[in-house]
Amino acid sequence: MDQSTRRLTVAQALVRFLSAQYTERDGVRHRLIAGTWGIFGHGNVAGIGQALLEAGEQAMPFHQGRNEQAMVHAAVGYARQLGRLSAQAVTTSIGPGATNLVTGAALATINRLPVLLLPGDYFATRAADPLLQQLEHPVEADLSVNDTLRPVSRYFDRITRPEALVPSALAAMRVLADPAETGAVTLALPQDVQAEAYDWPEEFFAERVWRVRRPAPDPVELAEAARAIRGAERPLIVAGGGVHHSEAETALRELVDATGIPVASTQAGKGSLRHDHPADLGGIGHTGTAVSDDLARTADLVIGVGTRYTDFTTASTTLFRNPGVRFVNLNITAFDAHKLAARPLVADARAGLEALAEALAGHRVDAAYEAEYRLGKERWEQVVADAFRADDENAVPTQTQVLGALDAVVGDTDVVINAAGSLPGDLHKLWRARSPRQYHLEYGYSCMGYEIPAGIGVQQAAPGTPVWSLVGDGTYLMMPTEIVTAVQESLPVNLVLIQNHGYASIGGLSQSVGGERFGTAYRYRAADGTFSGAPLPVDLAANAASLGMDVIRAKTVRELRDALAAARASDRPTCVYVETDPAPTAPPAQAWWDVPVAEVASREAAVDARTTYDGHAAERRRHL
């Protein structure tokens, strides 16, 4: 055994270690940590910053960010595009730089996407105490602001001694590469420890491969699942993000082609089948299609594949109404596989689907059931066409017409990114996903500000792929900072900026629950003190231009289509700015979403909303 050592600082050793880590699945190898995002301050500049400089771009590429939360979003977009097989690290100073990571960490962990967080921390030696930006606690002296990252991290450690880095770094890589455990991983690094030297064993820096496993289903669980499917008259597959993470799209299509079982998709699972596949019914749940939700209400067996069953998917437990409905859940985590009192099938999505296809050989649903859902699909496709169509090319476009114009411009490999506002609902109902990676919706955390930095991450992961970040004015104002990064790195991210003068999604929700759109419009105060005056004279297009983007303003449907085509053809970061007609043109929700309404109120809108709420709430169900 090699007993030689190398004297390096903790930060230098960590960077060198990370540069030698790889994942491997199906014989294909990826760098596990492909680069590091960073903003430097006194908590990391002399440690991780110096180590990155010394290592050089070949060993560890460095990306300069403008906001710590946004750097995590970019890393998450990168990891998702590459099927969680490659990730990025994010380094920050202590104090606000570290706490700015919390939102991004929560997003990564909720969506089961890997990112390595390296926040600076206070002196382990307490040589200087308190430090600038240090949070002092009167009875917990070892507490730091980095402890806010504990509940939103899948693994957390504070490296207070150099030798502690070895087991902690190995544990961090294990979690990042584990398809069932992955999420945000945090190694808090006291700034004095980062710069401390230690004699490291050379073996620590040897190339290491973390194999991303594909566990096969248990034979007994497989037999029970197959028996349940063969006995079902109206089975429905709910495809979640696990289909994409496992690259199980082909296995899903082959199962569906053989059995005729229709597929509805969650936000994370949309695109599991191409939109024009006869068994693809589109989105499911509160933002789903009519055909998906109608079948869900009558399904006697729901087969979840890689889904967490959030309230949007289950319509707050009101969607699956068949008195005898049962569930089979194929998921790599037992935690998710057992939801809704399901028959669990704990396995990798691709391995599980392939095994199911073999176990179901010769089985096919009734022809009348196929004819029923195909007719429902045809009817919904007409709804989509009507929402996308613009009878007057010279009119101000509606939001759904914006999506129609984009639909006419994108190619099969383009990636469309969104996360929050009214757009996720419209996209889930209407978007025609042409390929597995095209539909990139972050809806586990639905985080405003995700779209622009995620576009950068996707562009880094897939150079040459047209990337579209769709944002409303509310989301844009949350986090436009990484436009500067896109310009600096010459990443031709396309930004579609929709101006509708406020929080359109929450405004509509507020109105439906008796909130009367309170506090959701971007307008001057009126005489009565409410925000109901004239729209604010904010020029977001000028703002995007000031940050270095090329900007194309479009006022009509025709101009919009031309602008989108020009943006797609450009090799520069380009913003297409359009002010939309606020008239609602999207199909209404096809299923309920539980947002509690005031039980007592003096205002008529809230009283009426509560009556409606009570009617829907009575339909909630526990699946046992």
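See the structure printed just above.
As the structure is a prediction and not an experimental result, all values here were calculated from the model.

1. Quick word on the overall build of the protein chain
Tallying secondary structure elements over the protein chain gives 24 helices and 23 strands in all. Along the three orthogonal principal directions, the C-alpha set of the protein chain runs to about 70 × 70 × 55 Å. In the protein chain, which comprises 624 residues, the proportion classed as buried is 57%. Sequence separation of at least 24 residues holds for 76% of the intrachain contacts in the protein chain that already meet a minimum separation of 6. Accessible surface, the protein chain as shown: approximately 24,600 Å² in total, 52% of it carbon and sulfur. The positive charge centre, built from 56 side chains, and the negative charge centre, built from 73, are 3 Å apart in the protein chain.

2. Things to note about unusual backbone geometry
Each neighbour pair has its own omega, and for Asp129 with Pro130 the value is 5 degrees, a cis peptide bond. Mapped onto the elements, Pro130 comes out in the loop between strand 7 (115-121) and strand 8 (155-158). Unusually for a residue other than glycine, Thr317 sits at a positive phi of about 65 degrees.

3. Focus: helix 6 (residues 165-177)
Look at helix 6: 18 Å from first C-alpha to last across 13 residues, which is about the 18 Å you get at 1.5 Å a residue. Where helix 6 is concerned, the buried positions are Leu165, Ser168, Ala169, Ala171, Ala172, Met173, Val175, Leu176 and Ala177.

4. Considering the sheet that holds strand 15 (residues 301-305)
Pairing in this open sheet of 6 strands is parallel, and the strands run 14-13-12-15-16-17 from one edge to the other. With one partner strand each, in any of the chains shown, strand 14 (280-283) and strand 17 (343-346) form the two edges of the open sheet. Adjacent strand axes in the sheet meet at a mean angle of 20 degrees when their direction is disregarded. Pairing between strand 13 (residues 263-265) and strand 14: 2 bridges, direction parallel. Residue pairing for strand 14: Ser265 is matched across the bridge by Gly283.

5. Description of the packing of helix 8 (residues 219-231) against helix 14 (residues 349-359)
Packing of helix 8 against helix 14 leaves a shortest axis separation of 10 Å and a crossing angle of 60 degrees. Between helix 8 and helix 14, the interaxial angle falls into the category oblique. Judged by the sense of rotation from one axis to the other, the crossing of helix 8 with helix 14 is right-handed. Contacts between helix 8 and helix 14 involve Leu222, Ala225, Ala226, Ile229 and Arg230 on the former and, on the latter, Ala355, Leu356 and Ala359.

6. Quick notes on helix 15 (residues 367-388)
Over its 22 residues, helix 15 extends 32 Å from the first C-alpha to the last, a length consistent with the 32 Å expected when each residue adds 1.5 Å. Every buried residue of helix 15 is accounted for by Tyr369, Glu370, Tyr373, Gly376, Lys377, Trp380, Val384, Ala387 and Phe388. Around the axis of helix 15, the buried residues are gathered within 130 degrees of arc, so they sit on the same side. Exposed positions of helix 15 whose direction lies more than 90 degrees from the buried face are Ala367, Ala368, Glu378 and Arg379. Close packing links the buried residues of helix 15 with strand 12 (235-239), strand 14, helix 11 (290-298), helix 16 (399-409) and helix 17 (423-430).

7. What to know about the packing of helix 16 against helix 23 (residues 557-569)
The geometry of helix 16 relative to helix 23 is characterised by a closest axis approach of 9 Å and an angle of 45 degrees between their N-to-C directions. In terms of orientation, helix 16 and helix 23 fall into the oblique class. Crossing of helix 16 over helix 23 shows right-handed handedness. On helix 23, the residues touching Gln401, Val402, Ala405, Leu406, Ala408 and Val409 of helix 16 are Val557, Leu560, Arg561, Leu564, Ala565 and Arg568.

8. Examining the environment of Gly472
Following the sequence through the fold, Gly472 ends up in strand 20 (residues 467-472). Its relative accessible area of 16% is what places Gly472 among the buried residues. Aside from chain neighbours lying at most four places away, what touches Gly472 is Leu497 and Ile498.

9. Focus on the packing of aromatic side chains
All told, the structure shown has 11 aromatic pairs when counted by the stated rule. Look at Phe312 and Trp593: their rings are 4.5 Å apart centre to centre, the planes differ by 65 degrees, and that puts the pair in the edge-to-face class. Here the residue Phe312 occupies a position in helix 12 (residues 311-314), and Trp593 occupies one in the loop between strand 23 (574-579) and helix 24 (604-617), the gap between them amounting to 281 residues. According to the relative accessible area criterion, Phe312 is buried, its value standing at 11%. Taken together, a centroid distance of 5.4 Å and an interplanar angle of 85 degrees make the contact between Phe320 and Phe327 edge-to-face.

10. Remarks on the pairing of strand 6 (residues 87-92)
Moving residue by residue along a regular strand, the side chains alternate between the two faces of the sheet. The buried count for strand 6 comes to 6 of 6 residues, which makes it a mostly enclosed element. With 4 bridges joining them, strand 4 (residues 33-38) and strand 6 adopt parallel strand pairing. In the sheet register, Trp37 faces strand 6, and the bridge partner there is Val90.

11. Considerations on the pattern of salt bridges
Enumeration over the complete set of coordinates arrives at 36 salt bridges. With a shortest N-O distance of 3.1 Å, Asp407 and Arg432 are connected by a salt bridge. Taken together, the residues span a long stretch of sequence, with Asp407 in helix 16 and Arg432 in the loop between helix 17 and strand 19 (439-441) at a distance of 25 residues. Classification of Asp407 by relative accessible area gives buried; the value is 9%. Each of Asp26, Arg214, Asp348, Arg350 and Glu354 takes part in one network of salt bridges that share partners.

12. Some remarks on the side chain of Lys377
Position of Lys377 among the secondary structure elements: in helix 15. Residue classification places Lys377 among the buried positions, given a relative accessible area of 10%. Within the structure, Lys377 has its side chain in polar contact with the backbone oxygen of His277 (distance 3.4 Å). Side-chain polar atoms of Lys377 contact the backbone oxygen of Asp280, separated by 2.8 Å. Apart from the residues lying within four places of it in its own chain, the contact partners of Lys377 are His275, Asp276, His277, Pro278, Asp280, Leu281 and Val291.

13. Describing the nonpolar core
The biggest cluster of nonpolar side chains holds 81 residues, and the ones touching the most others in it are Ile237, Leu252, Trp468, Leu470 and Leu564. Ranked by the residues each element gives to this core, the list is headed by helix 15, at 6 residues. Apart from the residues within four sequence positions on either side, Leu564 is in contact with Ala405, Leu406, Val409, Trp468, Val496 and Val576. Core analysis: the next-biggest nonpolar cluster, separate from the first, contains 36 residues, Ala13, Val15, Leu52 and Met60 among them.

14. Concerning the sheet that holds strand 4
One open sheet accounts for 6 strands, arranged 5-4-6-7-9-8; its pairing is parallel. Only two strands of the sheet have a single partner each, and these edge strands are strand 5 (62-64) and strand 8. Within the sheet, the average angular offset between the axes of one strand and its neighbour, ignoring direction, is 20 degrees. As defined by bridge partners, strand 6 adjoins strand 7 across 4 bridges and the pair is classed as parallel. By the bridge assignment for strand 7, Thr91 is matched with Leu118.

Thresholds applied
Residues numbered from 1 in each chain as written. Predicted model: local features only at pLDDT ≥ 70, side-chain atom pairs only at ≥ 80, totals over all residues. Heavy atoms only, no water. Helix = DSSP H or I, 4+ residues; strand = E, 2+ residues; numbered from the N terminus. Buried < 20%, exposed > 50% of the residue type's maximum accessible area, 1.4 Å probe, protein only. Contact = heavy atoms within 4.5 Å. Areas by Shrake-Rupley, 256 points an atom, 1.4 Å probe, with all protein chains shown as cover. Lys, Arg positive; Asp, Glu negative; His and termini not counted. Charge placed at Lys NZ, Arg CZ, Asp CG, Glu CD. Expected span 1.5 Å × (residues − 1). Pairing = 2+ DSSP bridges. Axes fitted to C-alpha atoms, helices over the stretch in contact; angles between N-to-C directions. Parallel < 35°, antiparallel > 145°, perpendicular 65-115°, else oblique. Left-handed = near helix turned anticlockwise from the far one by under 90°. Arc of directions from axis to C-beta. Phe/Tyr/Trp six-rings, centres within 6.5 Å; stacked < 30°, edge-to-face > 60°. Salt bridge = Lys/Arg side-chain N within 4 Å of Asp/Glu carboxyl O. Polar contact = N/O pair within 3.5 Å; in protein donor to acceptor, adjacent residues only side chain to side chain. Core = buried A, V, L, I, M, F, W, Y, C linked by side-chain atoms within 4.5 Å.

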